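Remarks on the overall topology
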Amino acid sequence: MTKLRVRFAPSPTGPLHIGGARSALFNYLLAKKNGGDFIVRIEDTDRDRSTPESEENIKDSLRWLGITWNEGIDIGGPYAPYRQMERLETYRAIAQKLIDEGKAYYCYCSEEEIEAERTAQQEKGETPHYSGRCRNLTEEQRRELEAQGRKPVVRFRVPAGEQILIPDLVRGDVTFESDGVGDFVIMKSDGIPTYNFAVVVDDYTMEITHVIRGEEHLSNTPRQILLYEALGYPTPKFAHISLILGKDRSKMSKRHGSVSVVNYKEQGFLPEALVNFLALLGWAPEKEEEIFTLEQLVEEFSLDRVSKSPAVFDMDKLRWLNGQYLRKLPIEDIAAGILPHLSAGWQNDTPRLNLLAETMANHLSCFADIKELMPLIEGEMPEPSEQVQEVMAGEQVPVVLQVMAEKINEMEAFTPENIRTAIKQLCKETGYKGAAVYMPIRAAVTGECHGPDIDKIMALMGKEKVSARLEAAYK
Ligand code: GLU
């Protein structure tokens, strides 16, 4: 049996997007599950938009997610080079072969001529396609056009009247009519191949067995199949995975949340959670379970459980999943994760930072959430809500707060343990207990009725601030 070989072939024209990351993940999972190879190849023929920074971002994002490749950019491999601009000779030779066999031809039409043709077709209500004007030029006509200084592109001669079948592993059989596909450009006049041509040459020469990519490429696939046939290459298996939609069911965009993977990293999402979430965008596990490590995903993944209906990007679900992973981390890792989102002072006080991490862990769904929680500790006293006012109106409140303030002022080490002990003593001494004690203390110190453990919050706020707030509340 031939070894399964799949690839992720991003164009380095921007940071790695959620959709690209999902395609990479599905390819990776299929390869690992089947003992195959996963290749990362760069499609950099768009000279205006490709940048080295984007390529770096794509590689870093994939590695951050834990998606590693067996062959490709950076690491090389037996099918190198893995960057299209380094493979120009191969495309040129194969284009020449098609020309020699009469399956492709030079076209000298200028952009303006093509544009005029397109407009005329549209006016007649036709789908725009190349008319085939240069299909049958004689040698002499070609020489004349070249003498005018025209530089030709190479067009593929699309056979008439064929049905093109894509037996798609996700969408089932999809057919296209070749008559709807005009002769398309395979080599531009600058000698750089177009996507549809380069991708076929690469997938064939790299012995790719399965092409898994986004649904937006489905309409390119008939052109690619025609090329496979013309070149006598076996066609790989295709699987086009659905679009990712926002919750309002329009195409996922910045409005729905960040679209690039690096933003999730910056916001303090965990790669394990994002991978888990991406896997569930279109793939349905057999079990009820929703939490899967990358290793478990490799075990469970199969293309038959990938749905052809669009996947909906649910930010609340991602946050929930991330919270699940976050809470399993050791406190030190949570501390390291929140640190970049805190003010400078926290850097130098590890015990206090660890206490903060421990106190807030249950209230975070991602590390950046810490920023919203910090006013509780570092902020001014909020305006009292109605609930706070009710709590503060209790008749036991002045006594409770006064005794608490006295105990705090006497305290040597202002730690959660000492604060807890002081509250217990306060209960014994005053005869009040439970909510009658805890609620007013919390309300007086934080201006809120609910929140993280109050002993820890007080320790984090520091003795001075706590005692000032208690005093302000009962005096
Ligand atoms: N460079 C294409 C893209 O980024 C790859 C398409 C394919 O996988 O064939 O969308």
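This text goes with the structure placed above it.
Please read all numbers here as calculations on a predicted model, not as lab measurements.

A separate point is the packing of aromatic side chains. Under the definition given, this model contains ten aromatic pairs. An angle of 90° between the planes, with centres 6.0 Å apart, marks the rings of Tyr-28 and Phe-38 as edge-to-face. Residue Tyr-28 is found in helix α1 (residues 18-33), and its partner Phe-38 is found in strand β2 (residues 37-40); the two are separated by ten residues along the sequence. By relative accessible area, which is 9% here, Tyr-28 ends up buried. Residue Phe-38 is classed as buried on the basis of its relative accessible area of 0%. Taking 5.4 Å as the distance between ring centres and 70° as the angle between the ring planes, the aromatic pair formed by Tyr-264 and Phe-269 counts as edge-to-face.

Now for unusual backbone geometry. The phi torsion of most residues other than glycine is negative, and most of the peptide bonds are trans. Backbone torsion omega between Ala-80 and Pro-81 reads 0°, so that peptide bond is classified as cis. Of note, Pro-81 is situated in the loop between β3 (71-72) and α3 (88-100).

Next up on the list: the site of the ligand. Taken together, Arg-7, Ala-9, Pro-10, Ser-11, Glu-43, Tyr-195, Val-199, Arg-213 and His-217 make up all the residues around the ligand. Measuring from a nitrogen atom of the ligand, one finds a side-chain N or O atom of Ser-11 at 2.8 Å. His-217 places a side-chain nitrogen or oxygen 2.7 Å from an oxygen atom of the ligand. Considering only residue class, the shell around the ligand consists of four nonpolar, two polar and three charged.

Quick look at the packing of helix α18 (residues 416-430) against helix α19 (residues 435-446) now. At a minimum axis distance of 11 Å, the contact between α18 and α19 shows a crossing angle of 130°. With respect to each other, α18 and α19 are oriented oblique. Judged by the sense of rotation from one axis to the other, the crossing of α18 with α19 is right-handed. For the pair α18 and α19, contact is made by Ile-423, Leu-426 and Cys-427 and by Val-437, Tyr-438 and Ile-441, respectively. Of the residues contributing to the contact of α18 with α19, the split by class is six nonpolar, no polar and no charged.

Cut-off values and rules
Residues numbered from 1 in each chain as written. Predicted model: local features only at pLDDT ≥ 70, side-chain atom pairs only at ≥ 80, totals over all residues. Heavy atoms only, no water. Phe/Tyr/Trp six-rings, centres within 6.5 Å; stacked < 30°, edge-to-face > 60°. Helix = DSSP H or I, 4+ residues; strand = E, 2+ residues; numbered from the N terminus. Buried < 20%, exposed > 50% of the residue type's maximum accessible area, 1.4 Å probe, protein only. Near = heavy atom within 4 Å. Polar contact = N/O pair within 3.5 Å; in protein donor to acceptor, adjacent residues only side chain to side chain. Nonpolar A, V, L, I, M, F, W, Y, C, P; charged D, E, K, R; others polar. Axes fitted to C-alpha atoms, helices over the stretch in contact; angles between N-to-C directions. Parallel < 35°, antiparallel > 145°, perpendicular 65-115°, else oblique. Left-handed = near helix turned anticlockwise from the far one by under 90°. Contact = heavy atoms within 4.5 Å.

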